[in-house]
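Per-entry structural report
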Amino acid sequence: MGRGNVCVTGPYEGLYYIDNDHIHVYRRNDPYVDEPETRLMGDLSSNEIMGDDWLYDDWGTGAEEDDILECFMDSFTMMFPSFERQGEERWIGADRSVRVLLENRLFIIGVEDNEWSLAVKLIQKEDPYDDHLSGLQKQHHQRYLEGMKKALLERLPSIGAYSGAWTHKVITKEEAIA
């Protein structure tokens, strides 16, 4: 698993959280059926998860995460064609914990495991010689964050957003439309 309290530090960065309730898949513990019933973690009670009737489904969870991220990337790149998908898997950060999904000349969009969620991060690119990118980053970052929110909520019923140290708020699809 990843680490808790994933955050961004740049002045023109931001992130949203996809709760594990929308990613983690469980399958009914029934070895005698070809296709067992599956449910998302958010659709099960804690007693059901802790009991013997439901098992965590690694394959199903991976497929669900991949589908969420594919839908996000499709939607986001339709809104912002300057962002391109990464051809091969690439990890960034001091501890190589952020997987790069999309990139343009100004920003990287990546994901990082947050133990209770998957953080989708807008990260500023830096030029090692000067900060000539910061003016354009300031101009565009809010539009990109709004686009990320919209693209995520096209596929998910809700997402989390940073609201202070150790806290986050929940944004529902209905609230975003209103």
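Above: the structure in question.
So, here's what we can say about the structure. The structure displayed is predicted, hence computed values, not measured ones.

1. Comments concerning the nonpolar core
Judged by nonpolar contacts, the single largest core of 30 residues is most densely connected at F72, F76, I109 and M148. Secondary structure elements with two or more residues in this core: β1 (14-19), α2 (58-79), β7 (98-103), β8 (107-113), β9 (117-124), α3 (134-155) and β10 (158-164). With six residues, the single largest contributor to this core is α3. Residue contacts for M148: discarding those within four places in its chain leaves Y16, F72, F76, I109, V120, K121 and L122. Of all hydrophobic cores here, the second largest spans five residues; its members include V98, V100, I108 and I123.

2. Notes on the side chain of E13
Structurally, E13 can be placed in the segment before β1. K121 is the oppositely charged side chain nearest to the buried, salt-bridge-free E13, at an N-O distance of 7.1 Å. Among the polar contacts made by the side chain of E13, one reaches the main-chain amide nitrogen of T9 at a distance of 3.1 Å. A polar contact of 2.9 Å, which involves the side chain of E13, links it to the backbone nitrogen of Q124.

3. Some words on the sheet that holds strand β4 (residues 54-56)
Ordered by their spatial adjacency, three strands build an open sheet running β3-β2-β4, and the pairing between neighbours is antiparallel. Looking at strand neighbours, the two that pair on one side only are β3 (38-40) and β4, the edges of this open sheet. Strand-to-strand, the axes of this sheet are offset by a mean angle of 35°, without reference to chain direction. Both strand β2 (residues 25-28) and β3 contribute to a ladder of three bridges, which runs antiparallel. If you follow V25 over to β3, its bridge partner there is L40. Set on the sheet, α2 makes contact with β2, β3 and β4; between it and β2 the angle comes to about 140°.

4. Focus: the environment of Y26
Position of Y26 among the secondary structure elements: in strand β2. For Y26, a relative accessible area of 9% gives the class buried. As for Y26 and T61, which are separated by 35 residues in sequence, their C-alpha atoms are 7.9 Å apart. If we ignore the near neighbours within four places in the chain, the residues touching Y26 are E37, T38, R39, M41, L44, I49, W54, L55, Y56 and D57.

5. Here we look at the packing of aromatic side chains
Applying the stated criterion across every chain, the model contains nine aromatic pairs. Between F76 and F80, the ring centres sit 4.8 Å apart and the planes meet at 40°, which makes this aromatic pair tilted. Classification of F80 as buried rests on a relative accessible area of 9%. A centroid spacing of 5.0 Å and a plane angle of 75° characterise the contact between F76 and F83, whose relative ring orientation is edge-to-face. Owing to a relative accessible area of 3%, F83 belongs among the buried residues under this scheme. Joined through ring pairs, the aromatic side chains of F72, F76, F80, F83, F107 and Y144 make up one cluster.

6. Overview of the packing of α2 against α3
Two numbers describe how α2 lies on α3: the axes approach to 8 Å, and their chain directions differ by 135°. Our classification of the angle between α2 and α3 gives oblique. As for the relative orientation of α2 and α3, their crossing is right-handed in sense. Contact with α2, carried on its side by E64, D67, I68, C71, F72, S75, F76 and M79, involves Y144, G147, M148, K150, A151, L152, E154 and R155 of α3 and no other residues of that element. Broken down by class, the residue content of the contact of α2 with α3 amounts to nine nonpolar, two polar and five charged.

Cut-off values and rules
- Residues numbered from 1 in each chain as written.
- Predicted model: local features only at pLDDT ≥ 70, side-chain atom pairs only at ≥ 80, totals over all residues.
- Heavy atoms only, no water.
- Core = buried A, V, L, I, M, F, W, Y, C linked by side-chain atoms within 4.5 Å.
- Buried < 20%, exposed > 50% of the residue type's maximum accessible area, 1.4 Å probe, protein only.
- Helix = DSSP H or I, 4+ residues; strand = E, 2+ residues; numbered from the N terminus.
- Contact = heavy atoms within 4.5 Å.
- Lys, Arg positive; Asp, Glu negative; His and termini not counted.
- Salt bridge = Lys/Arg side-chain N within 4 Å of Asp/Glu carboxyl O.
- Polar contact = N/O pair within 3.5 Å; in protein donor to acceptor, adjacent residues only side chain to side chain.
- Pairing = 2+ DSSP bridges.
- Axes fitted to C-alpha atoms, helices over the stretch in contact; angles between N-to-C directions.
- Phe/Tyr/Trp six-rings, centres within 6.5 Å; stacked < 30°, edge-to-face > 60°.
- Parallel < 35°, antiparallel > 145°, perpendicular 65-115°, else oblique.
- Left-handed = near helix turned anticlockwise from the far one by under 90°.
- Nonpolar A, V, L, I, M, F, W, Y, C, P; charged D, E, K, R; others polar.

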